[in-house]
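Architecture and fold: a report
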Amino acid sequence: MTRAYNFAPGPAALPESVLKQAQADMLEWGDAGASIVEMSHRGPEFMEVATRAEADLRTLLGVPDDYAVLFMAGGATTAQALLPLNFASDGDTVDYVVTGHWGKTALRQLTPAVRINIAASGEEGGYRSIPARESWQLTPGAAYVHVTANETIHGVEYRPAWGAVPPDTGDVPLFADFSSSIASEPIDISRYGVIYAGAQKNLGPVGISVVIVRRDLLARAGQPRADIFNYSSHLANGSMLNTPPTWNWYVAGLVFRWMLDEGGTAEFDRRSDEKSALLYGAIDGSGGFYRNEVDPAVRSRMNVPFFLADDTRNAAFLEGAREAGLIGLKGHRVLGGMRASIYNAMPVEGVRALVAYMQDFQKRNG
Ligand code: PMP
């Protein structure tokens, strides 16, 4: 069996060693007589898995003690709906900075009980840049400011070249969707009120998400809500208010361990620089055969959308890529074209293979 280089945006490639470990543990966990997927989440075996996963994630991301870590069933969209329910009171204003498709999706999850202020939006410019911090119309006393750290479809990410990252929001806590860039570089968690991420890009399999919350924010009354939508209840129950997605939690734990073994977020920062520079270099150096339209100051290191000058050749490009062992490159339907997602599990060799294929395709079609 040959595994291709998988550039899919999420669910995305996982490290091969993690898949092999999961395969080995699938039939029987140690000598427990059952698979980890078949055991009680409250039994000693799974409790150990869960505790270790949280400890490893805390080490990996440098999560301070005054922040809680929750493992939640479901994806980032669910988190987007739970933020206003947990952290905004009736009539509070919430500030949203919209820099792409997922920031816009977040707006659609808001409860009507809050006032929405779109503090800044890149929509007019086709989400090819991030509005300058000076242009943001923030609301004094807002419940929070929400940003999308990396826009998975539009390929726009807050990078140091844009300005101060993370943006300063004064006394108003900054909430950030880190679904597609978490653990790709060291970040200062203490600058954020909430960080959340669906696991299916950099952290593991789809079906679980990670929510990192400054503990004092959990004391906010929020909206009247069912217990299952209450982050405080989840925390009080160790993220086991109901049956958690044990398999996903376990595989995510393997990915956390793998990232620590590989050298942690500093090493993935270095690799992300290297991989993204190779790919953008190939696009920019193609004399217009390929193009990426994002402002270089905010180009994503995780998701690289690119287009052929002649888009009638898209299907041929993708077909040839598949034959060369490069999959998952079709662009999102919102943008068309191509997109290469180069998360932590993508080795630099995969990006080199993609660049070689792109150059070869250009030679044959240029
Ligand atoms: N935010 C971002 C940045 C995403 O990339 C995605 C999914 N691709 C989502 C939110 C939605 O995540 P989910 O499908 O897990 O709800």
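Above: the structure in question.
So, a few notes on the structure that sits alongside this text. Every value quoted in this text rests on a predicted model; they were computed, and no experiment measured them. (Residues numbered from 1 in each chain as written. Predicted model: local features only at pLDDT ≥ 70, side-chain atom pairs only at ≥ 80, totals over all residues. Heavy atoms only, no water.)

Turning next to unusual backbone geometry. For residues other than glycine, phi is negative in most cases, and the peptide bonds are mostly trans. Of the consecutive residues G10 and P11, the connecting peptide bond is found in the cis state with omega at 0°. Here P11 shows up in the loop between β1 (5-6) and α1 (16-27). Cis peptide bonds are those with omega within 30 degrees of zero, and the linkage from V165 to P166 qualifies with 0°. Structurally, the position occupied by P166 is in the loop between β7 (156-157) and β8 (174-177). One non-glycine residue, A183, adopts positive backbone phi at about 70°. Tracing the chain through its elements places A183 in the loop between β8 and β9 (194-198). Positioned with a positive phi, S239 is a non-glycine residue whose angle comes to about 60°. Summarising the element assignment, S239 is placed in the loop between α5 (231-236) and α6 (246-262). (Helix = DSSP H or I, 4+ residues; strand = E, 2+ residues; numbered from the N terminus.)

With that out of the way, let us pick up the pairing of strand β4 (residues 115-121). Note that strand β3 (residues 93-98) and β4 share six bridges and pair parallel. From the neighbouring strand, V94 faces β4, where its bridge partner is I116. Handedness of the crossover joining β3 and β4 through helix α4 (residues 101-107): right-handed. (Pairing = 2+ DSSP bridges. Right-handed = clockwise from strand over helix to strand, strands pointing away.)

Attention now goes to the site of the ligand. With respect to spatial proximity, 13 residues lie near the ligand, and among them T77, T152, D177, Q200 and K201 are the closest. Contacts to the ligand include A76, whose backbone N or O atom sits 3.0 Å from an oxygen atom. For the ligand, whose unbound accessible area comes to 390 Å², protein coverage reaches 85%. Of the residues in the shell around the ligand, the class split is two nonpolar, nine polar and two charged. (Near = heavy atom within 4 Å. Polar contact = N/O pair within 3.5 Å; in protein donor to acceptor, adjacent residues only side chain to side chain. Areas by Shrake-Rupley, 256 points an atom, 1.4 Å probe, with all protein chains shown as cover. Nonpolar A, V, L, I, M, F, W, Y, C, P; charged D, E, K, R; others polar.)

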